Amino acid sequence: VIRRAVGFFDQRTGAGSALGKTLRYVFPDHWTFLFGEIALYSFLILVATGIYLTLFFEPSSTQIVYHGSYAPLQGAEMSKAYASALNLSFEVPAGLLIRQVHHWTALVFIAAIVLHLMRIFFTGAYRKPRDLNYYVGLTMLILAVVEGYAGYSLLDDLLSGMGLAIGNAVALSVPGIGGQLGTLIWGGRFPGSGAFFSRLYIAHVLIFPVLIGSLMALHMALIAIPKHTQFRGRGRTEANVIGTPLWPGYALRSLGLFFCTAAVLFALGGLIQINPIWQWGPYQPYLGTNGAQPDWYLGWLIGALRLMPHFDVVIDSYTLIPNPFWGGVLFPGIVFGFLYAWPALERRLEGDHAQHNLLDRPRDNPRRTAIGAALFAWVATIFFAGAADRAFVQLGVPYEGQLWGYRAASFLVPIAAYFLTRHICERLREGEGHPGRRSSAVSLTRNREGGFDELPEAED
Amino acid sequence: MRILVVPLRWAWRFVVAAILLLFSRRHREGGHAPEGRVERELPASPRAERAVAGLLWAAGLAGLGFVFLYALDDADTQLLGVAIALALGLIGAALIIVASRVLPQERAEEQRPEFAIPTSGGGEHSREAEAERAGLTVREGLDGVSRRRLLGGAGVAAGVGLGAAALAPLASLGPRVGKLLEESPWQAGTALVEENGLAVRATELEVGSFLTAFAAGADKRDLAAAVIVLRVEESELELPPDRQDWAPQGLLAFSKICTHAQCAVSIFRYPLFPERSPGPALVCPCHYSTFDVLTGGNRVFGPAVRPLPQLPLRIDAGRLVAAGDLSGPVGASWGGVREES
């Protein structure tokens, strides 16, 4: 059967030999390589659960009065979008399960991308010839964050509405064009015209998923062309790749990972409540609630908005840079700008224009690892600053004091992280034989009596 | 029962197919010689295969369990989640066992392609030479074209024109910003009403309490329509000279929308013990911008820069009425927010 199927396609496309090569494509084994796969599989689960959700969700800001089965909101004024999300959660069998799985998967998707990015950064996998693919990956991360934001904003519950209010303020803060930009995207002044939800919806269910999916295809093509990177090891060189071939070993193992990822996500969606929108209530621009937190991947931005001291750049009476620009645009701009610029920057710093297929361990390049650790520590500090209000409510630490602490920490922690990481890497390197330096191993040889003799160390 | 039979048959076929697939692999060893060095080991044992079959059977049962739970009235989200997660997890476990304990374990080597490296210098057939030839092919395609600059310039002109035409309709997405962001439904005489449309009476508010009110006749979702009304001791007020008569009986009204990022300012912090606590203030729950109500909405903490716009009030037969427009534009800042309108 298999031979006939392959023959059928080979006679029509000549793809037989390509198929044979693909089946023997070699995957080097290392557990850190799985983050990217988890991201890919999360995306597939997002598409599958998302399609199911579109069959029930109504993206409309038209205000209606609720008469569904959730008693506490009986008679409340709300948008059709929010009402249909409530319906999906309470009336549709398994609707809540799928909605929660979709939300959990979005969180895991972006977490997996970030871990994957860290793996790529700290092992130097982004170096030529893979810098191109690294840019594709970074772009997907940005798209995924925007996609996630659009997704939870669609529900039009109180939290998502507050998120959109902030998003509109950030759009208005773009120097020069902000006022018009916000008015165009929202179709008028916030909360916007009826068209806004159609736009948000089509962006979430079509435009961004198609962009992410296309870039994902490109991403994998750009992995396969120069083939996978690998760590140093027995028989591994810049010119080869050693590991498990796609068929039979890797395909089934990876498919197993897909099913396990899906199992964890469905267990999370079934057992652990996420975004109980009925508790937040419907959004109206004049309503707000304390303790509002976004999904985790926007925590760094809310932290930046909160930490930024209160100043606008005003020239005469023209407000060139309103405050939300600093945390909402400039900060992520710096972080991503640095990440985009890094491969070229490192090539210039190190004068290294060679092709690299072997990975560094983080300690092999202390400067790169220290810079990455500093960047990560900076973003993480600001991320935690975004949760300062929760620490206030739950631990009673005064908010204003925390804010000043975090402001100082956002300068000190990255510097400390840089020097600490660099020191650790250098100490690790001292303590062992580095592949690039003389080996500290002892060579043995069998002697005639059946015992071992030590060979004299080779001179360099 | 018909409803149950179809997925059952489907699940059965799946299990049979999965098992057939597993067993069919066993008898095909060394069928083809893969390129490169390969280390190969055949670990398949009846025990591992039985385990896999057992896991797949259990997965099929868990899948049917999901269908059964789903068919019940009032399907329980937790049980549904556990059932489907079990089905997926058992298949995952089976596949991982297949991959590591049943199928041939191989360690193969593949050669990488080489890309053009500028420093290599290479010969006639090097990658670099091939890349060079590709560039040459492009240039040869333009042989005999004499006025390249003219044609190139005209092409750019066409592109710019068409690009502009393609982008121009984006302007239809929204109205021109103009004075739109400064619009306000408030003017002298506009009554304050509550969410249910009833007039706000001065007697409703005690010192230290607050409520949300709207401009009578305005859309409640209009950003500028909502105000927060509160009462403080009249003697505490420190309003600027031109606002002395804006707060009759200590009643103050401010825009409900934070001037930082447009969340609703929904926390009124009123000191329970004035000697030790900071003064009465309005707090936005999004980024904790804090506005001093006694001095007319000036920022005292947080990232907001502009003060919260204040609405001048007067009392008309016991009801609250605006004595004029808000003291400034409502909502987040944009380029023209500080320009005189």
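Remember, it's a predicted structure, so these values are computed and weren't measured experimentally. Residue numbering note: each chain is counted from 1, following its sequence as written. Whichever chain is written first becomes A and whichever ligand is written first becomes 1, with later ones labelled in order. The predicted nature of this model means local features are confined to residues of pLDDT at least 70 and side-chain atom pairs, given and counted, to a pLDDT of 80 or more, with totals for whole chains, interfaces and linings taken over all residues. Computation of side-chain values covers all heavy atoms of the structure but excludes hydrogens and water.

Colleague: Tell me about the environment of Phe208(A), and name the residues and values.
Modeller: Residues and elements named next belong to chain A. Secondary structure follows DSSP: runs of H or I at least 4 residues long count as helices, runs of E at least 2 residues long count as strands, and numbering of each begins at the N terminus. Looking at the element boundaries, Phe208 is found in helix α9 (residues 195-224). A 1.4 Å probe rolled over the protein chains alone gives each residue an accessible area, and that area as a share of the maximum for its type sets the label: buried under 20%, exposed over 50%, partly exposed in between. Residue Phe208 is classed as buried on the basis of its relative accessible area of 17%. Discounting residues that sit within four places of it in the chain, Phe208 has contacts with Leu143, Val146, Glu147 and Ala203. A contact between two residues is defined here by any heavy atoms of the two lying within 4.5 Å.

Colleague: Which residues make up the pairing of strand β4 (residues 210-215) of chain B, and what values go with them?
Modeller: Residue and element names in this part refer to chain B. Pairing between two strands requires that DSSP report at least two bridges joining them. By the bridge criterion, two bridges tie strand β3 (residues 192-193) to β4 in an arrangement that is antiparallel. Following the sheet pairing, Leu192 is matched in β4 by Ala215. Pairing analysis gives five bridges linking β4 to strand β5 (residues 226-231), with the strands arranged antiparallel. Among the inter-strand pairings, Phe214 is bridged to a residue of β5, identified as Ala226.

Colleague: Requested: an account of the sheet that holds strand β11 (residues 310-311) of chain B, with residues and values cited.
Modeller: Spatially, the five strands line up as an open sheet ordered β3-β4-β5-β6-β11 (chain B), and their pairing is antiparallel. Unpaired on one side and paired on the other, β3 and β11 of chain B mark the two borders of the sheet.

Colleague: Help me get a handle on unusual backbone geometry, residues and values and all.
Modeller: All names here are of chain A. Looking along the chain, the bond that leaves Phe190 and enters Pro191 is cis, with omega of 5°. For Pro191, the position within the fold is in the loop between α8 (178-186) and α9. The backbone phi angle of Ala94 is positive, close to 65°, even though this residue is not glycine. Accessibility expressed as a relative area gives 10% for Ala94, which makes it buried. One non-glycine residue with positive phi stands out, namely Asn275, at about 45°. Along the polypeptide, Asn275 turns up in the loop between α10 (246-271) and α11 (277-280).

Colleague: Break down the pattern of salt bridges for me, with residues and values.
Modeller: Where charged atoms from two side chains of opposite charge approach closely, those side chains can pair. Residue and element names in this part refer to chain A. Salt bridges are counted wherever a side-chain nitrogen of Lys or Arg sits within 4 Å of a carboxyl oxygen of Asp or Glu. One pass over the full model with this rule turns up 19 salt bridges over all chains. Here Arg368 and Glu346 are joined by a salt bridge, their closest N and O atoms 2.9 Å apart. Taken as a pair, Arg368 in helix α14 (residues 366-385) and Glu346 in helix α13 (residues 324-350) lie far apart in primary sequence, 22 residues in all. The exposure class assigned to Glu346 is buried, which follows from its relative accessible area of 5%. Among the charged side chains, a salt-bridge network with shared partners connects Arg127, Arg232, Glu346, Asp360 and Arg368.

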